[in-house]
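# Commentary on secondary and tertiary structure
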Protein chains: 2
Amino acid sequence: MERGVTRISSSELSTGLGITASQIRQDLNNFGGFGHQGYGYNVDYLHDQIGEILGLTHAYPVIIVGAGNLGNALARYEGFKKRGFHIQALFDIDPKVIGSKTGEHIVRDMKGIEEYLKKKPAQIAMLTLTKSAAKEAADRLVKAGVPSILNFSSIDLAFPEENVIIENVHLSDFLMILSYQLEN
Amino acid sequence: MERGVTRISSSELSTGLGITASQIRQDLNNFGGFGHQGYGYNVDYLHDQIGEILGLTHAYPVIIVGAGNLGNALARYEGFKKRGFHIQALFDIDPKVIGSKTGEHIVRDMKGIEEYLKKKPAQIAMLTLTKSAAKEAADRLVKAGVPSILNFSSIDLAFPEENVIIENVHLSDFLMILSYQLEN
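All figures in this text were calculated on a predicted structure; none of them were measured in a lab.

Rules behind the numbers
Residues numbered from 1 in each chain as written. Chains lettered and ligands numbered in written order. Predicted model: local features only at pLDDT ≥ 70, side-chain atom pairs only at ≥ 80, totals over all residues. Heavy atoms only, no water. Helix = DSSP H or I, 4+ residues; strand = E, 2+ residues; numbered from the N terminus. Rg over C-alpha atoms; globule rule 2.2 N^0.38 Å. Buried < 20%, exposed > 50% of the residue type's maximum accessible area, 1.4 Å probe, protein only. Pairing = 2+ DSSP bridges. Least-squares fit on C-alpha atoms with pLDDT ≥ 70 in both. Contact = heavy atoms within 4.5 Å. Lys, Arg positive; Asp, Glu negative; His and termini not counted. Salt bridge = Lys/Arg side-chain N within 4 Å of Asp/Glu carboxyl O. Polar contact = N/O pair within 3.5 Å; in protein donor to acceptor, adjacent residues only side chain to side chain. Phe/Tyr/Trp six-rings, centres within 6.5 Å; stacked < 30°, edge-to-face > 60°. Right-handed = clockwise from strand over helix to strand, strands pointing away. pLDDT = per-residue confidence, 0-100. Axes fitted to C-alpha atoms, helices over the stretch in contact; angles between N-to-C directions. Parallel < 35°, antiparallel > 145°, perpendicular 65-115°, else oblique. Left-handed = near helix turned anticlockwise from the far one by under 90°. Nonpolar A, V, L, I, M, F, W, Y, C, P; charged D, E, K, R; others polar. Buried area = accessible area lost by both parts, 1.4 Å probe.

## Examining the overall build of chain A
- Along the backbone of chain A there are seven helices and eleven strands.
- What you see for chain A is a C-alpha radius of gyration of 20 Å, clearly larger than the 16 Å of a compact globule of 184 residues, by over 25%.
- Seen through its C-alpha atoms, chain A measures out along the principal axes to roughly 60 × 45 × 35 Å.
- Buried residues in chain A amount to 45% of all 184 residues.

This is how it looks when you write it as structure tokens:
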């Protein structure tokens, strides 16, 4: 789209994505197709349809819990807003950090998070607290009704009894993708 | 292993991983199997074998290029070392940051990176500079012989002509995994 391309084949997509054309067709067929044999894909239409699949047709209020280096980096990350992910507030438990400024946000006291969420419900919480503080914070977020958590702390979280979506991010995984390729 | 489990079935692994038992068996079979029907997997052996597949049998020297919030967070991230990823040095181009201390490292001047790499070759560079500075830095890293780059800057890098492994990380992808699940 950015390059003014209006129509694209699965093999052209393949070159850009590093996935086989047949895998691309198969993946998109799982969601209903969107292309036509011999024509390929209409880029605008495909972009809209993928956006709909991913739920990107509306904005998501996001909070960050943990205003250390990673929380700060996430608060300033430019890629989120254009996808509809709006950082609404940052929270921390550390008195040395509470009240400090991060980009356009003042770091709030975790003590007030339940009250804050009652007034301004968040759809997503990004959790960047240390291992020792992450579980308790996640419990509180789940209890306060946050429906999804992106967990960067180095402890795996799971709430099998609750109706909450947890995605545990392991930064080491990326390095292992590289070590695998370096080795093979 | 940490829980003292010595033997595990693919269905038990399935519960822990959220992947079907048949997918787990199929994936592991791609690398030669490691299990026995009716017995399952010997946990120690499986752990060693997966470590070997991922190339985790030796240490990898890693440098970080970009000592902003994300670079700092990565430098302090505790999960890397136990997998054998050793942060050796941090570099930046910003005079305000060069010379400052990050954990156990003093941020070095990017000007000296070629000379540094001649003496201490790195296997992996994590790139966290801003979009505008990332491409030039990556060019220099590739020219200096760094064989793999984990790119966190919000510009996709590719060196199709060079024998270098690039992994572009998009932090928004994690939020889209959540928005997809929230929507569906």
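## Let's talk about the sheet that holds strand β9 (residues 124-127) of chain A
Residues and elements named next belong to chain A.
- Ordered by their spatial adjacency, six strands build an open sheet running β8-β5-β4-β9-β10-β11, and the pairing between neighbours is parallel. If you trace the sheet from one side to the other, it starts and ends with β8 (108-109) and β11 (165-168), each paired once.
- In this structure, strand β10 (residues 148-151) lies alongside β11, joined through four bridges in parallel fashion. Pairing of Leu150 across the sheet is with Glu167, part of β11.

## Side note on the relation of the copies chain A and chain B
- Note on the identical chains: chain A maps onto chain B by a rotation of 180 degrees and an axial translation of 0.0 Å, with an RMSD of 0.0 Å. The relationship between the two copies is best expressed as a two-fold rotation axis. By C-alpha distance to the rotation axis, the residue of chain A lying nearest is Asn69(A), at 2.5 Å.
- Of all interface residues in chain A, 100% are interface residues in chain B too; the two copies therefore contact each other through one and the same surface.

## Quick word on the side chain of Asp92(A)
Residue and element names in this part refer to chain A.
- By the element assignment, Asp92 lies in strand β5 (residues 85-92).
- Buried charge without a salt bridge: Asp92, with Lys96 as the nearest opposite-charge side chain at an N-O distance of 9.9 Å.
- There is a polar contact of 2.9 Å between the side chain of Asp92 and the backbone nitrogen of Asp94.
- When near neighbours in sequence (up to four residues on either side) are disregarded, Asp92 contacts Gly66, Ala67, Gly68, Val97, Ile98, Val107, Arg108, Asp109, Met110 and Leu129.

## What to know about helix α3 (residues 43-53) of chain B
All names here are of chain B.
- Buried within α3 are the following residues: Val43, Leu46, Gln49, Gly51 and Ile53.
- The N-capping residue of α3, defined by a side-chain oxygen 3.1 Å from the backbone nitrogen of Asp44, is Asn42.
- Directly beyond the C-terminal end of α3, a positive phi value near 75 degrees is found at Gly55.

## Structural notes on the packing of aromatic side chains
- Under the counting rule described, the total for this entry stands at 13 aromatic pairs over all chains.
- Ring geometry for Phe34(A) and Tyr45(A): centres 6.4 Å apart, planes at 70 degrees, overall edge-to-face. You can see Phe34(A) sitting in the loop between α2 (21-29) and β2 (35-36) and its partner Tyr45(A) sitting in helix α3 (residues 43-53), a full eleven residues away along the chain.
- Assessed through its relative accessible area of 13%, Phe34(A) is described here as buried.
- Classification of Tyr45(A) by relative accessible area gives partly exposed; the value is 40%.
- Each member of the aromatic cluster is reached from another via a ring pair, and the members are Phe152(A), Phe174(A), Phe152(B) and Phe174(B).

## Side note on the pairing of strand β10 (residues 148-151) of chain B
- Judged by which residues are buried, β10(B) turns out to be covered on both faces: Ser148(B) and Leu150(B) on one side and Ile149(B) and Asn151(B) on the other are all buried.
- A crossover links strand β9 (residues 124-127) of chain B with its parallel partner β10(B), the connecting element being helix α6 (residues 131-143) of chain B, and its sense is right-handed.

## A word on the confidence of the model for chain A
- Averaged over every residue, the pLDDT of chain A is 93; the share at 70 or more is 100%.
- Across the whole predicted complex the pTM is 0.88, and at the interface the ipTM reaches 0.89.

## Quick word on the packing of helix α4 (residues 69-76) of chain A against helix α4 (residues 69-76) of chain B
- Contact geometry for α4(A) and α4(B): axes closest at 8 Å, N-to-C directions at 150 degrees. Classified by the angle between their axes, α4(A) and α4(B) sit roughly antiparallel to one another. The two elements α4(A) and α4(B) meet at a crossing, and its hand is left-handed. Side by side, α4(A) and α4(B) meet where Asn69(A), Leu70(A), Asn72(A), Ala73(A) and Arg76(A) of the first sit next to Asn69(B), Leu70(B), Asn72(B), Ala73(B) and Arg76(B) of the second.
- Tallied by class, the residues present in the contact of α4(A) with α4(B) amount to four nonpolar, four polar and two charged.

## Regarding the environment of Gly84(B)
Residue and element names in this part refer to chain B.
- With respect to the secondary-structure elements, Gly84 resides in the loop between α4 and β5 (85-92).
- Look at Gly84 and you get buried, because its relative accessible area is 11%.
- Put simply, Gly84 and Val62 are 22 residues apart on the chain and 9.8 Å apart in space, counted from C-alpha to C-alpha.
- Ignoring anything within four residues of it in the chain, the contact list for Gly84 reads His58, Ala59 and Tyr60.

## Some words on the interface of chain A and chain B
- In this complex, chain A contributes 44 residues to the contact, which on the side of chain B involves 44 residues.
- Carbon and sulfur atoms supply 74% of the area that chain A and chain B bury against each other, a total of about 4,000 Å² over both sides.
- Connecting chain A to chain B are zero salt bridges.
- Contributions of two or more residues to the side of chain A that touches chain B are made by α4, β9, β10, β11 and α7 (171-183) of chain A.
- The element contributing the most residues to the side of chain A that touches chain B is α7(A), with twelve residues.
- Here the side of chain A that touches chain B is built from residues that sort into 27 nonpolar, 13 polar and four charged.

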